[in-house]
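Residues per chain, in single letters:
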Amino acid sequence: MSSSSGSASISVSHGYVGLILLLEEDSTFYLQVPLDIIGSLCLKPLKYLLFLGWCILGIEGILALEPGGGGIDTDGDLDDQGIYYYVASAGSDFSQAVDLEVIKMRTNVPSETMQTREEFRTNLLERDVGCMWTGAEARHGAGLHIIPYERGSEWLRLIVENRPKYSEDVRELHDINDIRNGVFANCMIHKDFDPRSVVILKTPNHILDTKDIPPRHNPIAMPENVCYPTGSRFTLQCLVTPEVYVRPMIPNNSDAAFKKYSRRPKPSELLLHYNYGAAAVKCWGRGTEVLQNLAKPRPTVPASAPMGPSRSKRDVARAADDGGAGNAAAGPATGELVESEGQAIWDEDDVMLFFWGNSQAAKQRHLKKVQENTQRMEQWREGVS
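Okay, so let's go over this structure.

### Digging into the packing of helix α5 (residues 152-162) against helix α7 (residues 269-284)
1) Next: With their axes 10 Å apart at the nearest point, α5 and α7 run at an angle of 100° to one another. Here α5 lies roughly perpendicular to α7, going by the angle between them. Contact with α5, carried on its side by Trp-155, Leu-156, Ile-159 and Val-160, involves Leu-270, Leu-271 and Tyr-274 of α7 and no other residues of that element.

### Description of the nonpolar core
1) Next: Among the nonpolar cores identified, the biggest contains 82 residues, and Tyr-48, Phe-51, Leu-52, Trp-133, Tyr-276, Trp-284 and Phe-355 are the most heavily contacted of them.
2) Next: At eleven residues, the largest contribution of residues to this core is made by α7.
3) Next: Judged by nonpolar contacts, the second largest core, of eight residues, contains Ile-10, Val-12, Ala-64 and Ile-83.

### Notes on the packing of aromatic side chains
1) Next: On inspection of all chains with the given rule, the structure shows nine aromatic pairs.
2) Next: Centroid distance Tyr-48 to Phe-51: 6.4 Å. Interplanar angle 35°. Geometry classified as tilted. Placement of the pair is Tyr-48 and Phe-51 together in helix α2 (residues 45-57), with a separation of three residues, close to one helical turn.
3) Next: The exposure class assigned to Tyr-48 is buried, which follows from its relative accessible area of 1%.
4) Next: Judged by relative accessible area, Phe-51 falls into the buried class, the value being 0%.
5) Next: Aromatic side chains Phe-51 and Trp-54 sit 6.1 Å apart centroid to centroid with 45° between the ring planes, which places their arrangement in the tilted category. Here Trp-54 and Phe-51 lie together in helix α2, a separation of three residues that amounts to about one turn. The pair Phe-51 / Trp-54 is uniform in exposure class, with both members buried.
6) Next: The structure contains a cluster of three or more aromatic residues connected by ring pairs, namely Tyr-48, Phe-51, Trp-54, Tyr-166 and Tyr-276.

### Re the sheet that holds strand β5 (residues 61-64)
1) Next: One open sheet holds the five strands; their spatial order is β5-β6-β3-β4-β14, and the pairing between them is mixed. In this open sheet, the two strands that pair with only one neighbour each are β5 and β14 (285-286).
2) Next: Sheet topology note: the strand β3 (residues 16-24)/strand β4 (residues 27-34) ladder contains eight bridges and is antiparallel. Its bridge partner being in β4, Leu-23 is matched across the sheet by Thr-28.
3) Next: Against the sheet, α2 engages β3, β4, β5 and β6 (83-88), with an angle of about 35° to β3.
4) Next: In the packing of α7 onto the sheet, contacts are made with β4 and β14, and the angle to β4 comes to roughly 95°.

### A word on the packing of α5 against helix α11 (residues 348-356)
1) Next: Look at α5 against α11: their axes get within 10 Å of each other, and the N-to-C directions meet at 40°. For the pair α5 and α11, the crossing hand works out as left-handed. The segment α5 lies against α11, with Trp-155, Leu-158, Ile-159 and Asn-162 engaging Asp-349, Asp-350, Leu-353 and Trp-356.

Cut-offs used in this document
Residues numbered from 1 in each chain as written. Predicted model: local features only at pLDDT ≥ 70, side-chain atom pairs only at ≥ 80, totals over all residues. Heavy atoms only, no water. Axes fitted to C-alpha atoms, helices over the stretch in contact; angles between N-to-C directions. Helix = DSSP H or I, 4+ residues; strand = E, 2+ residues; numbered from the N terminus. Parallel < 35°, antiparallel > 145°, perpendicular 65-115°, else oblique. Contact = heavy atoms within 4.5 Å. Core = buried A, V, L, I, M, F, W, Y, C linked by side-chain atoms within 4.5 Å. Buried < 20%, exposed > 50% of the residue type's maximum accessible area, 1.4 Å probe, protein only. Phe/Tyr/Trp six-rings, centres within 6.5 Å; stacked < 30°, edge-to-face > 60°. Pairing = 2+ DSSP bridges. Left-handed = near helix turned anticlockwise from the far one by under 90°.

Below, the structure written as structure tokens:
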């Protein structure tokens, strides 16, 4: 089924629904989400689309059947090949979008050492004991970063700075190795978590309640020294169905259990929602070029010595067509996707930062920083003149 508004149109395949997140003249950024995956993850599928829109844009909104339309009842069912719109309540003006390169200039990726890796693992095990979803012993698992370690602490701070906090206290959440940015899981979950095929859904959240998702599915007995949180769930969900032989180690809709009586802080809701949105963009995002066209021209990425056979522009396009926003080879430094000419292609984290970094509140913070920097420069010039 196809739908058009003005000169923009999208086509949704059988067995999927479309969620339009941004409509700009003849271009559309949207998700094409498999109905069977939605049905396996949420008991209220329309509400699930609303949740995805909120996670990605970082702005409250409603679900509608037309651009700017009134909200629909989210207790109903989805239509096969149906097209829905996330209408942000505060509105979004990207005509003066902040250049991502300006936002990202401060990012600094630290060099991981064996010591920092072991400290992160040790701190997590004081809270998680072993795999939080299967009970596998620590020797069979690893500590996972929710926001990838390669992004660095400054990137984490950008996320915290630009996302609505609601009731969560994240004032001291600055370090990429903070245990609120981590979980401990078995090695099979690790392999699917890093490429964002598997995510963690924290409920209740601003959109979904604990009863909006399937009941806990933990097929085995958990260790006696762990327990499930009261009134909340940290549910492992598969956005991409794993192979049959590994499903027992990646149990869909299983809940995390934490060490009894531990006062260690649990994983950050804000970071989990960010990661869920980024995973949805990677798996189901379509039309990221509309976002790049809205942003100010990006400088080319400095060419680095190739680490293998060079990839042509056609190779990159073919990899991107295989699904989602981030399926080409990782580029330099921040993991950006790069064409052979050195022009960066956006990955899912770039998409997320574009939306979060261009909200009204984020723009105001950015403008304030620019003004403060300008003022300091003027004071310096006066001092040396």
